[in-house]
Amino acid sequence: MLKDVVITGAGSGLGQALALKFSEKGFKVHLLGRKVEKLKKTAAKLKNPSEIHQLDIRIESDVKKVFSNINKIDILINNAGLGIFKKAENLNKEDIDQMIDTNLKGTIFCAQAALKKMKAINKGLIVNIISTAGKNGKPTESVYCASKFGVRGFTDSLEKELKGSNIDISAFYMGGMNTSFWDGILAEEEKQKFMEPTDVAEIIFANIKDRDKLNVKEVLINSKIS
């Protein structure tokens, strides 16, 4: 039987790279994201069966509905996120809401929905893609870092809640990647210096391999230039 992996933000960047890696390794991939056209482009590249689920993870009721329609979840990868980079005093309410609602609340909503299925069979893995912004404060990234520090705290607490169960949680903290995340923020030559998402996806996949006697709690991945 195919194992099922659910990936949020699967239409581009690291989400797409992870989808390709898991499909290559024999998983059925559930592609979640707001833009169906992007998800379709990812699905067209996959080797194994996949499902597309249009979802805005900021909307709790929609998260519950989509996850209820996914029959089985062996792995959830909370990858979706966004950043708006300005000095703290220049961030408006919409900027703040977008980052907190997507990066923190969206991660929580998806984890809650997946846990219901995982706890029913006492088996599963939740992977939170956090970024180095969850480790250190950075100028012009105050609220982005706050949202990622929140995910870090949620992850640490959830790991303690799940002690003694067969449900694991892993956190990945990575620096900048050469993806569309930075479009309109950095020049193309600056993006080219960043890590490639395919390389990061390989590292993530290698570290969440199912092992009976261990779980990799967290991994820090940085580029050589950082």
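Anyway, here's the lowdown on the structure attached to this text. Position labels on residues start from 1 in each chain and follow its written sequence. Only residues with pLDDT of at least 70 get local features here, since the model is predicted, and only at 80 or more are side-chain atom pairs given and counted; chain-wide, interface and lining totals rely on the full set of residues. In computing side-chain values, all of the structure's heavy atoms are included and hydrogens and water are not.

1. Examining the pattern of salt bridges
And then number 1: Definition used for salt bridges: Asp or Glu carboxyl oxygen within 4 Å of a side-chain nitrogen of Lys or Arg. Under the counting rule described, the total for this entry stands at 15 salt bridges.
And then number 2: Measuring nitrogen to oxygen at the nearest pair gives 2.9 Å for the salt bridge that ties Lys28 to Glu51. In this pair, Lys28 sits in strand S2 (residues 28–33) while Glu51 sits in strand S3 (residues 50–54), placing the two residues 23 residues apart along the sequence.
And then number 3: Each member of the salt-bridge network shares a partner with another, and the members are Lys3, Lys123 and Asp210. Helical segments are the DSSP runs of H or I of at least four residues, strand segments are the runs of E of at least two, and each set is numbered from the N terminus.

2. Some thoughts on helix H1 (residues 13–24)
And then number 1: Helix length check: H1 (12 residues) gives 17 Å between terminal C-alpha atoms against 16 Å at 1.5 Å per residue, within 8%.
And then number 2: Each residue is placed in one exposure class: buried if its accessible area under a 1.4 Å probe, protein chains only, is under 20% of its type's maximum, exposed if it is over 50%, and partly exposed if it falls in between. For H1, the buried fraction is high: nine of the 12 residues fall into the buried class.
And then number 3: Taken as a whole, H1 has its buried residues at Leu14, Gly15, Gln16, Ala17, Leu18, Ala19, Lys21, Phe22 and Ser23.
And then number 4: Positive backbone phi, approximately 100 degrees, marks Gly26, located one or two places after H1. In this analysis, the expected span of each helix is defined as 1.5 Å times one less than the number of residues it contains.

3. Regarding the environment of Glu190
And then number 1: If you trace the backbone, Glu190 turns up in helix H6 (residues 188–191).
And then number 2: Spatially, the C-alpha atoms of Glu190 and Asn178 are 8.8 Å apart, while their sequence positions differ by 12 residues.

4. Overview of the sheet that holds strand S4 (residues 75–78)
And then number 1: Pairing between strands is defined by DSSP: at least two bridges between them are needed. Spatial ordering of the open sheet is given by S3-S2-S1-S4-S5-S6-S7, a layout of seven strands whose pairing is parallel. Among the strands making up the open sheet, the edge pair consists of S3 and strand S7 (218–221). Each neighbouring strand pair of the sheet contributes to a mean axis angle of 15 degrees, computed without reference to strand direction. Here, axes are lines fitted to C-alpha atoms. For helices the fit covers the stretch in contact, and angles between N-to-C directions go from 0 to 180 degrees.

5. What to know about the side chain of Glu159
And then number 1: Here Glu159 is to be found in helix H5 (residues 142–161).
And then number 2: The exposure class assigned to Glu159 is buried, which follows from its relative accessible area of 16%.
And then number 3: Contacts are residue-level and defined by heavy atoms, with any inter-residue pair within 4.5 Å sufficient. Excluding its chain neighbours within four sequence positions, the residues that come into contact with Glu159 are Ile169 and Lys217.

6. Structural notes on the packing of aromatic side chains
And then number 1: Any Phe, Tyr or Trp ring, taking Trp's six-membered ring, that has another such ring centre within 6.5 Å forms a pair; planes under 30 degrees apart are called stacked, those over 60 apart edge-to-face, and the others tilted. Enumeration according to the criterion identifies four aromatic pairs in this entry.
And then number 2: Ring geometry for Phe85 and Tyr144: centres 5.2 Å apart, planes at 80 degrees, overall edge-to-face. Separated by 59 residues along the polypeptide, Phe85 in the loop between S4 and helix H4 (93–121) and Tyr144 in helix H5 bring together distant segments of the chain. The residues Phe85 and Tyr144 share a single accessibility class, namely buried.
And then number 3: Over the aromatic face of Tyr173 sits the side chain of Lys135, whose NZ or CZ is 4.4 Å from the ring centroid. Think of it as a cone above the ring: NZ of Lys or CZ of Arg counts as a charge over the ring if it is within 6 Å of the ring centre and within 35 degrees of the ring normal.

7. Considering helix H2 (residues 36–43)
And then number 1: Inspection of H2 places Leu39, Thr42 and Ala43 among the buried residues, and these make up the whole buried set. Projected down its long axis, H2 carries its buried residues within an arc of 100 degrees, all on one side. Along H2, the residues that are exposed and aim more than 90 degrees away from the buried face are Glu37 and Lys41.
And then number 2: In the core, the buried residues of H2 are packed alongside H1, S2 and S3. The reported arc concerns the directions from the helix axis to the C-beta atoms and nothing else.

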